[in-house]
Amino acid sequence: MASNFPQFIFVCIFIVFYSDFVVVVCSSQLFNSSLGVSGFSSAVATWYGNATGAGSTGGACGLEDGVAKAPYNAMITAGNQVLFRHGFGCGACYEVLCKQRPHCSGKPIRVSLTDECPEGAYNNDLVRFDLSGTAFGAMAKPRHGEKLRNLGRINIFYKRVACDYKTNIMFKVDKGSNPFFFAVAIEAENGDGALSLVEIKTANSNKWIPMQQMFGATWCVHINPNTQKPPFSLRLTSEYKHQIKANNVIPVGWQSRTIYKSNVNFPNKL
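Model, not experiment: these values are computed from the prediction.

1. What to know about the sheet that holds strand β3 (residues 41–48)
Read around the closed barrel, 6 strands run β3-β7-β4-β6-β5-β8, paired in mixed fashion. Neighbour-to-neighbour, the strand axes of the sheet open up by a mean angle of 50°, direction not taken into account. For strand β5 (residues 93–97) and strand β6 (residues 109–116), the ladder comprises 4 bridges, and the chain directions are antiparallel. Residue cysteine 93 lies in a different strand from β6, and its bridge partner there is serine 112.

2. Let's talk about the environment of tryptophan 208
Inspection of the secondary structure puts tryptophan 208 in the loop between β11 (195–201) and β12 (209–210). Tryptophan 208 sits in the buried class, given a relative accessible area of 14%. Put simply, tryptophan 208 and arginine 235 are 27 residues apart on the chain and 7.9 Å apart in space, counted from C-alpha to C-alpha. If sequence neighbours within four positions are ignored, tryptophan 208 has contacts with Glu199, Ile200, Lys201, Ser233, Leu234, Arg235 and Lys245.

3. Quick look at the side chain of aspartate 130
Structurally, aspartate 130 can be placed in strand β7 (residues 128–132). Arginine 128 is the oppositely charged side chain nearest to the buried, salt-bridge-free aspartate 130, at an N-O distance of 5.1 Å. There is a polar contact of 2.7 Å between the side chain of aspartate 130 and the side chain of threonine 46. Residues contacting aspartate 130, with those up to four places away along its chain left out, are Thr46, Trp47, Tyr48, Thr77, Ala78, Cys117 and Tyr122.

4. Describing the state of the cysteines
A complete count under the given rule lists 3 disulfides for this structure. For cysteine 93, the disulfide goes to cysteine 163, at an S-S distance of 2.0 Å. Residues cysteine 93 and cysteine 163 are joined through a disulfide that is right-handed, its torsion about the S-S bond being 110°. Taken as a pair, cysteine 93 in strand β5 and cysteine 163 in the loop between β8 (154–161) and β9 (170–173) lie far apart in primary sequence, 70 residues in all. Side by side, cysteine 93 and cysteine 163 carry an identical accessibility label, which is buried. Covalently, cysteine 98 is tied to cysteine 104 through a disulfide, its sulfur atoms 2.0 Å apart. Measuring handedness by torsion sign, the sulfur bridge of cysteine 98 and cysteine 104 sits at about -110° and is left-handed. Of the residues examined, cysteine 98 reaches a relative accessible area of 1% and is grouped as buried.

5. Side note on the pairing of β5
The element β5 is largely enclosed, with a buried count of 5 among its 5 residues. Along β5, one buried face is formed by Cys93, Glu95 and Leu97 and the opposite face, lined by Tyr94 and Val96, is buried too. Note: β5 against β8, 5 bridges, orientation antiparallel. Across the sheet, tyrosine 94 pairs through a bridge with arginine 160, a residue of β8.

6. Overview of the sheet that holds strand β17 (residues 259–261)
As a general point, the strands of a sheet are linked pairwise by backbone hydrogen bonds and lie either parallel or antiparallel. In spatial order, the strands read β13-β14-β10-β9-β17; together these 5 strands make up an open sheet with antiparallel pairing. The sheet is open, and its two edges are formed by β13 (212–215) and β17, each paired on a single side. Taken pair by pair, the neighbouring strands of this sheet meet at an average axis angle of 35°, ignoring direction.

Cut-offs and rules
Think of each chain on its own: its residues are numbered from 1, step by step along the sequence as written. In keeping with the predicted nature of the model, local features appear solely for residues at pLDDT of at least 70, side-chain atom pairs appear and are counted solely at 80 or more, and the whole-chain, interface and lining totals rest on all residues. Each side-chain value is derived from all of the structure's non-hydrogen atoms; neither hydrogens nor water enter the calculation. When DSSP locates at least two bridges between a pair of strands, those strands are taken to pair. Numbering of helices and strands runs from the N terminus, with a helix taken as a DSSP run of H or I at least four residues long and a strand as a DSSP run of E at least two residues long. Axis definition: a line fit to C-alpha positions, over the contact stretch in the case of helices; interaxial angles, taken between N-to-C directions, run 0 to 180 degrees. Whether a residue is buried, partly exposed or exposed follows from its accessible area with a 1.4 Å probe, protein chains only, as a fraction of its type maximum: under 20%, in between, or over 50%, in that order. In this description, contact between two residues means that some pair of their heavy atoms is separated by no more than 4.5 Å. Here the positive residues are Lys and Arg and the negative ones are Asp and Glu; neither His nor the chain ends is included. Definition used for salt bridges: Asp or Glu carboxyl oxygen within 4 Å of a side-chain nitrogen of Lys or Arg. Under this definition, polar contacts are N or O atom pairs within 3.5 Å; protein pairs additionally need one hydrogen-donor-capable and one acceptor-capable atom, and for neighbouring residues in sequence, both atoms have to be side-chain atoms. Criterion for a disulfide: a pair of cysteine sulfur atoms at a distance within 2.5 Å.

Here is the structure:
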């Protein structure tokens with residue numbers, strides 16, 4: 001993975017005196033690998049789906065058609081395995097920009113990782129963003145979006161940033177959920193954006209039960225409807241080990257394919 005850290009290069013100046021002495025003065029100077037885009041690293045970008053769409057209506061993170069709606073608003077990306085990380089990269093936020101003339105604005109846009117690049121050639125690039133058509137075009141100057149998309153594949157610069165959705169976390173109960181099996185896709189996490197652990201607590205219990213990552217941002221657990229009754233509380237641990245609780249967020253009588261909005265979110269910082 002391309003490093004976000006600046007690289008130090010030693011510059012040596014040779015000073016020659018008439019007395020045949022040679023003095024070598026060396027100093028370390030700070031250079032950024034992104035050729036003048038401070039704090040950013042290099043990557044490759046392509047785009048998929050409709051030219052002004054949200055990439056796909058599914059996606060390997062499990063957000064389905066939610067990627068086209070607030071708070072994502074089609075500003076999403078798929079990532080190769082370096083970014084996707086077998087689903088543990090779902091939800092991470094990045095700023096990306098391009099500098100190719102004459103179409104790129106050179107201004108960063110913010111995208112959320114909600115999908116995985118296809119296996120194969122995409123992983124031949126060290127870091128690959130496969131942006132929605134909307135996001136790819138947003139890197140362009142005004143009225144240059146179509147021309148930039150016509151390039152298909154371009155070099156970009158990127159950095160990880162804190163997510164800031166200006167809403168609280170949402171839980172979408174997976175379509176496969178039933179009284180014995182509960183699965184939920186978790187959306188709009190501020191801060192890290194990505195989760196490392198999800199736990200569930202049932203009514204009249206003080207025990208937090210770890211859930212399993214089913215795929216992407218969707219987590220699941222087997223339940224006994226006779227002893228493990230709703231409402232369900234969910235405890236989330238982010239990639240950087242921040243933790244919050246959404247108490248009683250899944251109500252009695254919950255329904256599959258339904259979104260339940262919490263009253264909590266992580267701080268909008270990494």
